[in-house]
2 protein chains.
Amino acid sequence: MNYANMLSVAFAEAQSGFAEGGVPVGAALFDATGKLLGRGRNRRVQDNDPSAHGETDAFRNAGRQTDYRDKILVTTLAPCWYCSGLIRQFTIGTVVVGESVNFEGHLDWLKDAGVKVIEMNDADCVALMRRFIEQSPQLWFEDIGECT
Amino acid sequence: MNYANMLSVAFAEAQSGFAEGGVPVGAALFDATGKLLGRGRNRRVQDNDPSAHGETDAFRNAGRQTDYRDKILVTTLAPCWYCSGLIRQFTIGTVVVGESVNFEGHLDWLKDAGVKVIEMNDADCVALMRRFIEQSPQLWFEDIGECT
């Protein structure tokens, strides 16, 4: 399974989100053969939708599935509690994480629940997110529910 | 604060969802004064959207908020991991739960994170959900990611 190629789909979504003035987190859901089921990005700004994190947007765009145990969710940034809860509730089998430097998420919680977590430590993901947080700290804190 | 009146808003959403052939879970988000910010219901069937649980739909419809610590989320059914993660990430201060008989959720996890949880043990909520699960067990299991 070529996780780097999969991550490039999520990263392209993050780049589009950044260009749109949004929170640059992208994600994509793949089946066990590596076929793309859905891709998406954070849409807080674009759609005035606080429920659309990158992971939930990709999950939504993949439509209804009956079994996620063999699915692979790729995200440019470590999932927050909201997206970690999504992964755990729907028993998504594998999560590929672009980076966990700018936000560390709850990867141990996912691993403890049996999720296979693959950390890519991708420099491009780190750089894009860092640039965004430096430019728009208020928007970033809003997106993760942190009051300043 | 009249939690029973607030729950009636969420229950009306659940009833609408049932009438539409959907998963009958409704929710609503209120501010600290009891003003309704957004209401919604599970839209898996109606919108082919697996990301739209009742809680997330109400959260979405309330639009962007900068602080949820004084907000009240009312839901007809105990939140799953996905919706519990939403509550925890955005630090929603109070959660009013219609019932936790048909699905017990993770109320202790929320309480441990500092969320004020109010259990209503509402007979109408229990009866509607029970009727749905008996009629449509496959749809229910799909909605909570349980494979049969």
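Residues numbered from 1 in each chain as written. Chains lettered and ligands numbered in written order. Predicted model: local features only at pLDDT ≥ 70, side-chain atom pairs only at ≥ 80, totals over all residues. Heavy atoms only, no water.

### Here we look at the interface of chain A and chain B
Note the threshold: By definition in these notes, contact holds between two residues if any of their heavy atoms fall within 4.5 Å. Simply put, the buried area is the total loss of 1.4 Å probe accessible area from both parts when two parts are fitted together. Just to be clear on terms, a salt bridge is a Lys or Arg side-chain nitrogen sitting within 4 Å of an Asp or Glu carboxyl oxygen. The term polar contact refers here to a pair of N or O atoms within 3.5 Å; inside protein, the definition further demands a hydrogen-donor-capable atom paired with an acceptor-capable atom, and it admits residues adjacent in sequence only when both atoms are side-chain atoms. We count a stretch as a helix when DSSP gives it H or I for four or more residues in a row; a strand needs E for two or more, and each element gets its number in order from the N terminus. Polar here means any residue other than Ala, Val, Leu, Ile, Met, Phe, Trp, Tyr, Cys and Pro, which are nonpolar, and Asp, Glu, Lys and Arg, which are charged; Gly is therefore polar.
Taken together, the contact pairs 35 residues of chain A with 35 residues of chain B. Counting the surface lost from both chain A and chain B, the interface buries some 3000 Å², and carbon and sulfur atoms represent 59% of this. A salt bridge links Asp49(A) to Arg60(B), with the nearest nitrogen and oxygen atoms 3.3 Å apart. The tally of links from chain A across to chain B stands at 13 residue pairs in polar contact (both at pLDDT 80 or more). Taken together, the elements giving at least two residues each to the side of chain A that touches chain B come down to helix H2 (54–61), helix H3 (81–89) and helix H6 (137–143) of chain A. Broken down by element, the residue count for the side of chain A that touches chain B peaks at six residues, all from H3(A). Of the residues contributing to the side of chain A that touches chain B, the split by class is 14 nonpolar, twelve polar and nine charged.

### Concerning the confidence of the model for chain A
Fine structural detail should not be taken from predicted coordinates in areas where pLDDT scores are low. Formally: As a per-residue measure, pLDDT tells how confident the predictor is, with possible values from 0 to 100.
Averaged over every residue, the pLDDT of chain A is 97; residues scoring 70 or more account for 99%. Interface confidence for the predicted complex, expressed as ipTM, amounts to 0.97; the pTM equals 0.97.

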